[in-house]
Amino acid sequence: MSSTNTSSDLSSEMEVDAFRRLFPLRFHERHLLESIRPDARPLGKARDTSLALGAVASAHGSALAKIGCTTMLAAIKMEVMTPTTESPDEGCIVIDFHMPPICSPIVRPGRPAEAAPVVSKQLSDTILSSGMIDLKELSLVSGKAAWMAYLDIYCLDADGALFDAALLSAVAAFSHLEIPVVSLNEDGRVVVVSEEDAGKLEKEAVNKEKRKLKLSTVSFSLTCILHKNYILADPTAEEESIMETLMTVVLDSSFQLVSLYKPGGPVLACTSAIQDCVALTRQRVKELQKILNEAISDMEVD
Amino acid sequence: MEFVSPEGLRLDGRRPMEMRQIRAEIGAVSRADGSAVFEMGNTKVIAAVYGPREVQNRSQQINDQALVRCEYSMANFSTGDRMRKPKGDRRSTEISLVIRQTMEACILTHLMPRSQIDIFVQVLQADGGTRSACINAATLALADAGIPMCDLVTSCSAGYLNSTALLDLNYVEDSAGGPDVTVGILPKSEKVTLLQMDAKLPMDTFENVMQLAIEGCKAVATYIREVLLENTKQLEYRRGV
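It should be emphasised that the depicted structure is a prediction, and the values quoted were computed from it without experimental measurement.

Draft legend 1. How the structure looks around the overall build of chain A. The secondary structure content of chain A amounts to 7 helices and 15 strands. Residues classed as buried in chain A amount to 46% of the 302 residues present. When contacts within chain A are restricted to residue pairs at least 6 apart in sequence, those whose partners lie at least 24 apart make up 68%. With the model as given, the accessible surface of chain A reaches about 15,000 Å², and the carbon-plus-sulfur share is 52%.

Structure (structure tokens):
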């Protein structure tokens, strides 16, 4: 009792920044009592989100997504490969998530971030299982040639909600992707036709023009933090480090549940908390759909 | 192959002594103590500085100076073909060493003993001159982090093709097999900290090419000073000065 008395005396004299560093949980809880967070957001609101398509000129599809300060750069490069014998009509997608040391003070060279392979696997599972892309569309010549799409996502600034930003940038990159023109060369192999040769095509082109990938459904996600009775949407890195229970809900464009991810944590979630999270995600999906459609139409105007 | 047309234009329409368009932005990475994005034509580089902070490996701690570490890595999609091993290969290790030693020359390390300064550079798009872009970005990031330096370090490259000295080579000109001179200077005193060259070149031609590169470095320094001044003005407005 006396120790809390002394610390509350100390806290009344201290500056705000010092209090934030020394007693982070109490600092945040004082804000939660008023249903607000330190950056003045209400509990269920996500940070400002922006999308820019075509950020990397040398890639076949790319996008830069920013949620608050969290920045993700996704780029897709396509290569021709031979499909496996079990699925001769299907191409392949390889998803890789990198956290280079620039993104956060906890990542050091020689000791990669713990979060990187976790988010990488989560992304891979979500994108491949959601059925967003039909792998048969990536086939060129059945049994002989198919597309291998390498999706590389780089985190340039890690300020919480990494999975959300990564999924948004991946989905935007796939929307921007244009499959390049290919033709058969003399050995019977399929080669990518470069821009200059496209005009003077002597060999027969397997696909005559660049086409866009058809996405059957587009998935968006929202990460929430559960703390006592509060649900905080779209946490920053500071909030994630203090209140550790995260829950990620992924919905597709018809509001069907694609993935639910709650990897343990000290707070137990009852059914009503999960339903609240899904409701928050539904709101967020509408916002993100609007942002993605605006970004795509901006590209088309150019 | 002709790299300089008879009218005196290069492959991308520049004159021989013309640099590519430069663009710089400070404070791109919010989590870093200092960060900058630097673009030279199509080459885009992000640098982030963390420090001075506690040395992570106690055995490497220096008692009277700060320890400077640098890591250079390229994104998988930065070059034309997708790279398999973006860091840890020989070229990345060599460039990391070059950048570290170049920046160490100008950081006043004796003011921050027993601490560590980390400089991380990430190449997002590579179109020739990545080394120079990285050094320029690192200078801006160090200035943004408020780390005491005796002067800026700016860098530029120059080459010699079709009997003409060319400033700021892009990837196509660089891979033509001609000489490639990279120079890094401290612009106030015009002292050279970094000088690298490969392929053969007669001595008097080399002096011309090096002088051209130094002029390029000075132009970059003028631009960097403008960017830093503008940034300081913004900080003043925000503080209400």
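Draft legend 2. Layout of the nonpolar core. Counting residues in each nonpolar core, the largest one holds 65 residues, and the members touching the most others are F97(A), M99(A), L123(A), L151(A), I153(A) and F174(A). Per-element tally for this core: the top contributor is helix α5 (residues 162-176) of chain A, with 11 residues. Contact partners of L151(A), with chain neighbours within four places excluded, come to A74(A), A75(A), I76(A), V94(A), I95(A), D96(A), I127(A), A170(A) and F174(A). Counting residues in each nonpolar core, the second largest holds 61 residues, with M74(B), M103(B), L152(B) and M210(B) among its members.

Draft legend 3. Highlighting the sheet that holds strand β2 (residues 34-40) of chain B. All names here are of chain B. One open sheet accounts for 5 strands, arranged β1-β2-β3-β5-β4; its pairing is mixed. At either end of the open sheet lies a strand with only one pairing partner, and these are β1 (22-26) and β4 (67-74). Between one strand axis and the next, the sheet turns through 15° on average, direction left out of account. Note that β2 and strand β3 (residues 43-54) share 7 bridges and pair antiparallel. Residue G34 lies in a different strand from β3, and its bridge partner there is V49. Sheet contacts for helix α2 (residues 130-145): β1, β2, β3, β4 and β5 (115-125); angle to β2, the most-contacted strand, approximately 150°.

Draft legend 4. A look at the pairing of β2(B). Residues and elements named next belong to chain B. Within β2, 7 of the 7 residues are buried, leaving the element largely enclosed by the surrounding structure. Residues of β2 alternate between two faces, with G34, A36, F38 and M40 on one and S35, V37 and E39 on the opposite face, all of them buried. Relative to β2, β1 runs antiparallel, the two sharing 5 bridges. Note on β2: the bridge partner recorded for I26 is A36.

Draft legend 5. Structural view of the sheet that holds strand β15 (residues 257-261) of chain A. Residues and elements named next belong to chain A. Spatially, β13-β12-β14-β15 is the arrangement adopted by the 4 strands of the open sheet, whose pairing is antiparallel. In the strand order of this sheet, the two ends are held by β13 (230-233) and β15, each with one partner. Neighbour to neighbour, the strand axes of the sheet diverge by 25° on average, direction disregarded. In this sheet, β15 lies alongside strand β14 (residues 246-252) in antiparallel orientation, the contact comprising 4 bridges. Note on β15: the bridge partner recorded for L251 is L257. Most of the contacts of helix α7 (residues 271-301) go to strand β12 (residues 219-227), to which it runs at about 140°, and overall it touches β12, β13, β14 and β15.

Draft legend 6. Seen up close, the interface of chain A and chain B. On the chain B side, the residues contacting the 27 residues of chain A number 28 residues. Summed over both partners, the interface of chain A with chain B buries about 2,300 Å², with 55% contributed by carbon and sulfur atoms. Contact with chain B buries area across many residues of chain A, yet K77(A), I102(A) and Y154(A) alone supply 26% of it, more than any other trio. In this assembly, chain A and chain B are joined by 0 salt bridges. Applying the counting rule to chain A against chain B returns 11 residue pairs in polar contact (both at pLDDT 80 or more). For the side of chain A that touches chain B, the secondary structure elements donating two or more residues are β3 (70-81), β4 (92-98) and β6 (145-157) of chain A. If one sorts the elements of the side of chain A that touches chain B by residue count, β6(A) sits on top with 5 residues. Here the side of chain A that touches chain B is built from residues that sort into 17 nonpolar, 3 polar and 7 charged.

Draft legend 7. Main features of the confidence of the model for chain A. All names here are of chain A. On average, residues of chain A score 85 in pLDDT, and 88% of them reach the 70 mark or higher. Here residues 1-6 is a poorly scored stretch, pLDDT under 50, and it has 0 contacts once near neighbours within four places are set aside; other chains count. Contacts for the low-pLDDT stretch residues 196-204, under 50 throughout, to residues beyond four places or in other chains number 8 contacts.

Draft legend 8. Local environment of the packing of aromatic side chains. Residue and element names in this part refer to chain A. As enumerated under the stated definition, the model contains 4 aromatic pairs over all chains in all. Taking the centre distance of 6.4 Å and the plane angle of 65° together, the rings of F19 and F27 count as edge-to-face. By relative accessible area, F19 is classed as buried at 9%. Three or more aromatic residues link up through ring pairs in this structure, and these residues are F19, F23 and F27. Looking at R26, its charged tip hangs above the ring of F23, at a distance of 5.3 Å from the centre.

Draft legend 9. Up close: the environment of S104(A). By the element assignment, S104(A) lies in the loop between β4 and α4 (115-129). Taking relative accessible area as the criterion, S104(A) reaches 3% and is therefore assigned buried. Remark: the alpha-carbon pair of S104(A) and K136(A), spanning 32 residues in sequence, is separated by 39 Å. Sequence-distant contacts of S104(A), defined by excluding residues within four places in its chain, comprise A158(A), R31(B) and Y50(B).

Calculation criteria
Residues numbered from 1 in each chain as written. Chains lettered and ligands numbered in written order. Predicted model: local features only at pLDDT ≥ 70, side-chain atom pairs only at ≥ 80, totals over all residues. Heavy atoms only, no water. Helix = DSSP H or I, 4+ residues; strand = E, 2+ residues; numbered from the N terminus. Buried < 20%, exposed > 50% of the residue type's maximum accessible area, 1.4 Å probe, protein only. Contact = heavy atoms within 4.5 Å. Areas by Shrake-Rupley, 256 points an atom, 1.4 Å probe, with all protein chains shown as cover. Core = buried A, V, L, I, M, F, W, Y, C linked by side-chain atoms within 4.5 Å. Pairing = 2+ DSSP bridges. Axes fitted to C-alpha atoms, helices over the stretch in contact; angles between N-to-C directions. Buried area = accessible area lost by both parts, 1.4 Å probe. Salt bridge = Lys/Arg side-chain N within 4 Å of Asp/Glu carboxyl O. Polar contact = N/O pair within 3.5 Å; in protein donor to acceptor, adjacent residues only side chain to side chain. Nonpolar A, V, L, I, M, F, W, Y, C, P; charged D, E, K, R; others polar. pLDDT = per-residue confidence, 0-100. Phe/Tyr/Trp six-rings, centres within 6.5 Å; stacked < 30°, edge-to-face > 60°. Lys NZ or Arg CZ within 6 Å of the ring centre and 35° of its normal.

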